[in-house]
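# Working through the structure, step by step
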Number of protein chains: 2
Amino acid sequence: MAGARRGVDVGVDIGGGKTALVVMEPSGSRIHRVQWPTRSGEGPEAIIEDLVEGLGRSLESVGRNALRVGIGICGQVARGSGVVRFAPNLVGWRDVPLQRRIGDALGVPVAVANDLKMIALGEWEHGGGRGADDVVVIFVGTGIGAAVISDGRLLLGHGGYAGEIGHTTVVVDGRLCSCGNHGCVEAYAAGWAIAERAREAVAAGAGGRLVELSGSIDRITAKTVAEAWRDGDELARRVVEDTGRYLAAAVGNVVNSFNPRRIVIGGGVVQGIPELVYAVRHHVASHGLDACLEQLEIVPAELGSYGGAVGAVTLARQLYPDADTVREGSL
Amino acid sequence: MAGARRGVDVGVDIGGGKTALVVMEPSGSRIHRVQWPTRSGEGPEAIIEDLVEGLGRSLESVGRNALRVGIGICGQVARGSGVVRFAPNLVGWRDVPLQRRIGDALGVPVAVANDLKMIALGEWEHGGGRGADDVVVIFVGTGIGAAVISDGRLLLGHGGYAGEIGHTTVVVDGRLCSCGNHGCVEAYAAGWAIAERAREAVAAGAGGRLVELSGSIDRITAKTVAEAWRDGDELARRVVEDTGRYLAAAVGNVVNSFNPRRIVIGGGVVQGIPELVYAVRHHVASHGLDACLEQLEIVPAELGSYGGAVGAVTLARQLYPDADTVREGSL
């Protein structure tokens, strides 16, 4: 049986901009990692081609066989089948059977899930969620994504789509969201929404440094807002303050709905404006019920750009616990 | 071992108005049921006294021993210990160790949880949630309570307080709620809030039949609104329509957060205005993501006033599966 220990697990995170891959020992130590740009505009075949090639090359470079592969992707993934139903930031991804395609190509068990679910598993095992059994991970970037660990298990829901906290309503009849609904927290606190709200304030004559920094109203982004906020700009401060308040309302809903021990907050917008974590901590007290707030901790995400790939290994191990012995030498 | 089959399970539901008790065979058939008024204003000892007496008398009347007791109560219950932390509608209930008290009195394993969690388990095993693994049960009455079955298990959260959907924010900076927060769905769609909104509309000169039916503005209740609505009153129609819209926003948040297969809606307000279920079905389409809506069913609750007591037996059986053999003759 000693030979059966020679395999490794591979985790992949396919994002709109880049794809990250890690190779891990069964012991949990990372022995290899690599990133490449995602060919997001060229359809599923280009991305699958790059993925199969990247997997092969990585395994070759470490001289090991794959036991299991976990893949996180920025889209909605059907539970069980690992079919990618829709990925808004990857052109042409509709009902792509990614799990089967990679499984057929490599001959090993493959687990596919939404990228946020993988990030949540990574933060839970190795990052800000360590040691807690009830953890909600919320990432605020271009959009707002989330995933829930409940009683030590990833919450999937009937079809596998649970955790869409970004598209929960915090203002009935509120701002129009990218999903077509009105009043989702994403329509207030996601990167695109922060930029939109800042542009509207400038257009209404609010003044401040935003136009100076960006060149024109149209070029104001969430990054400009973060920059102006760091410079002490009053309008940017107001936009950030409101972002924190809306985000806290959604986080308060998470607190009362899931009663988590820990909420892990990360993503590009939070990296740009780390004080959002403190703002959420402050405002959530007015939304959460006392019993639910009692032992709650709100902490920043700890894992960097390989967090999703690391979590993908966690899921693959959970789903295929016996693969270390039965699948030896399958690649 | 045949003797070990003679025991029965007892389920109790302690509500603000009445306490309901059922005795069930291990086979699941109900052999006895009884209700008595809850002495809600007289403190924990009076209620515990009635409970111990009611349990003893019921077991005597069926001539059987108790294997397990499950108790649902209209309050927040700490996970594991079964301590009732707080029960807004029962005077003097703060940190009452109900599980230990009844366990000591009867010498059998006792499971205590929030009443909505018991109702959810009852609807899941015997009612509107039958056959689905992901079910959310929402009861709209004086308040709004809910509980979640996820992947075939009751969602508890870290402390046991998960499922407080009534206190999720649907309007940031909205109406004042009984919990002190602003904009909870309970502040729009619970019985007291429907009455409050109707009174405000009448005070603002909206007219209609509400005052005629109730006698004065102060006496308008959710029941008056339901009655006027059945009579075709225009103001009542508007109040009901808005209630459905706010409720649908909260239900939409549940859809996107938990991705349930089925949502079961019940409670006094829904019994009075059954069309609220249809209104929620209609409006939820504009809040839920397509993937989460795909296989969703929204159905009315099926169990009557013994639903919580029946569900309490379900929980006791889940928590103490071996009690039929080991606890024979303990009472």
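The structure under discussion appears in the preceding block.
Summarised in this report is the structure supplied together with it. Fair warning: this is a prediction, and the values are worked out from it, not measured in the lab.

## Some words on the interface of chain B and chain A
Taken together, the 44 residues of chain B in the interface contact 44 residues of chain A. Between chain B and chain A, roughly 3800 Å² of surface is buried when both sides are summed, and carbon and sulfur atoms account for 48% of that area. Among the residues chain B hides against chain A, the three largest losses belong to B:His158, B:Val172 and B:Leu289. Together they make up 16% of the total. On inspection of chain B and its partner chain A, the count reaches six salt bridges. B:Glu294 is the salt-bridge partner of A:Arg85, the closest N and O atoms lying 2.7 Å from each other. At the boundary of chain B with chain A, the tally comes to 34 residue pairs in polar contact (both at pLDDT 80 or more).

## Some thoughts on the pairing of strand 12 (residues 262–266) of chain B
All names here are of chain B. Counting buried residues in strand 12 gives five out of five residues, a clear majority hidden from the surface. Of the two faces of strand 12, the one holding Arg262, Val264 and Gly266 and the one holding Ile263 and Ile265 are both buried throughout. In this sheet, strand 12 lies alongside strand 9 (residues 135–140) in parallel orientation, the contact comprising five bridges. Looking at the pairing, isoleucine 138 lines up with isoleucine 265 of strand 12.

## Remarks on the relation of the copies chain B and chain A
After a rotation of 180° and a shift along the axis of 0.0 Å, chain B superposes on chain A with an RMSD of 0.0 Å. The relationship between the two copies is best expressed as a two-fold rotation axis. Looking at the interface residues of chain B, 100% of them are also at the interface in chain A, so both copies use one shared face.

## Some details on the sheet that holds strand 4 (residues 66–73) of chain B
In any sheet, the strands associate via hydrogen bonds between backbone groups, in a parallel or an antiparallel arrangement. Residues and elements named next belong to chain B. The five strands are arranged 3-2-1-4-8 in an open sheet whose pairing can be described as mixed. Looking at strand neighbours, the two that pair on one side only are strand 3 (30–37) and strand 8 (110–114), the edges of this open sheet. Averaged over all pairs of adjacent strands, the angle between their axes in this sheet comes to 15°, without regard to strand direction. Lying on the sheet, helix 3 (residues 115–126) is in contact with strand 1 (8–14), strand 2 (18–24), strand 4 and strand 8; it crosses strand 8 at an angle near 105°.

## Describing the packing of aromatic side chains
All names here are of chain A. The full count for this structure, using the stated rule, is three aromatic pairs over all chains. When the ring of tyrosine 188 is compared with that of tyrosine 246, the centres are 4.2 Å apart and the planes differ by 25°; the resulting orientation is stacked. Residue tyrosine 188 is found in helix 4 (residues 186–189), and its partner tyrosine 246 is found in helix 8 (residues 234–258); the two are separated by 58 residues along the sequence. Both residues of the pair, tyrosine 188 and tyrosine 246, count as buried. Taking NZ or CZ as reference, arginine 245 lies 5.9 Å from the ring centre of tyrosine 246, over its face.

## A look at the nonpolar core
Core analysis: the biggest nonpolar cluster contains 120 residues, and A:Ile263 and B:Ile263 have the highest contact counts within it. Sequence-distant contacts of B:Ile263, defined by excluding residues within four places in its chain, comprise B:Val136, B:Ile138, B:Val251, B:Val254, B:Val255, B:Leu296, B:Glu297, B:Ile298 and B:Val299.

## Digging into the environment of B:Val172
By the secondary structure assignment, B:Val172 is in the loop between strand 11 (153–154) and helix 4 (186–189). A relative accessible area of 11% places B:Val172 in the buried class. For the pair formed by B:Val172 and B:Gly183, sequence separation is 11 residues and the distance between their alpha carbons is 5.6 Å. Those residues within four positions of B:Val172 in sequence are excluded, and the remaining contacts are A:Val170, A:Val171, A:Arg245, A:Tyr246 and A:Ala249.

## Comments concerning the pairing of strand 2 of chain B
All names here are of chain B. With six of seven residues buried, strand 2 lies mostly within the body of the structure. Bridge analysis of strand 1 against strand 2 gives six bridges, and the strand direction is antiparallel. When the sheet's bridge partners are listed, aspartate 13 is paired in strand 2 with alanine 20. Alignment of strand 2 against strand 3, held across seven bridges, turns out to be antiparallel. When the bridges of strand 3 are listed, threonine 19 appears paired with tryptophan 36.

## Remarks on unusual backbone geometry
Residues and elements named next belong to chain A. Even without being glycine, aspartate 151 reaches a positive phi, approximately 55°. Secondary-structure assignment places aspartate 151 in the loop between strand 10 (144–150) and strand 11 (153–154). Of note, the phi angle at asparagine 259 is positive, near 45°, even though the residue is not glycine. Within the element layout of this structure, asparagine 259 appears in the loop between helix 8 and strand 12 (262–266). A residue is classified by how much of its surface remains accessible, and asparagine 259, at 2% relative accessible area, is buried.

Criteria and cut-off values
Each chain has its residues counted from 1, running along the sequence as written. Labels follow written order: the first chain is A, the first ligand is 1, and so on. Note on the predicted model: pLDDT of at least 70 is required for a residue's local features to be given, and 80 or more for side-chain atom pairs to be given and counted; whole-chain, interface and lining totals, by contrast, use all residues. Excluding hydrogens and water, the side-chain figures rest on all heavy atoms present in the structure. Only heavy atoms matter for contacts: two residues are in contact if any of them lie within 4.5 Å across the pair. Using a 1.4 Å probe, buried area is obtained as the accessible area two parts lose upon being combined, added over both of them. Salt bridges are identified by distance alone: a Lys or Arg side-chain nitrogen within 4 Å of an Asp or Glu carboxyl oxygen. Each polar contact in these results corresponds to two N or O atoms within 3.5 Å; when the atoms are within protein, one needs to be able to donate a hydrogen and the other to accept it, and residues that are neighboring in sequence are counted only if both atoms are side-chain atoms. Per-residue accessibility, obtained with a 1.4 Å probe over protein chains only, is compared with the maximum for each type, and a residue is labelled buried under 20%, exposed over 50%, and partly exposed between these values. The way it works is that DSSP assigns letters per residue, a run of H or I at least four long becomes a helix, a run of E at least two long becomes a strand, and they are numbered from the N terminus. Paired strands are those between which DSSP finds at least two bridges. The copies were overlaid by least squares, fitting only the C-alpha atoms of residues that reach a pLDDT of 70 or more in each copy. To get an axis, a line is fitted to the C-alpha atoms, and for a helix only the part in contact is used. The angle between two axes follows their N-to-C directions and goes from 0 to 180 degrees. Side-chain rings of Phe, Tyr and Trp (the six-membered ring for Trp) are treated as a pair once their centres are within 6.5 Å; stacked means planes under 30 degrees apart, edge-to-face means over 60, and tilted covers the remaining angles. Criterion for a charge above a ring: Arg CZ or Lys NZ at most 6 Å from the ring centre, at most 35 degrees from the ring normal. As used in this record, nonpolar core signifies buried Ala, Val, Leu, Ile, Met, Phe, Trp, Tyr and Cys residues forming a set joined through side-chain atoms within 4.5 Å.

The quantities given are spatial measurements derived from coordinates; they are silent on function.
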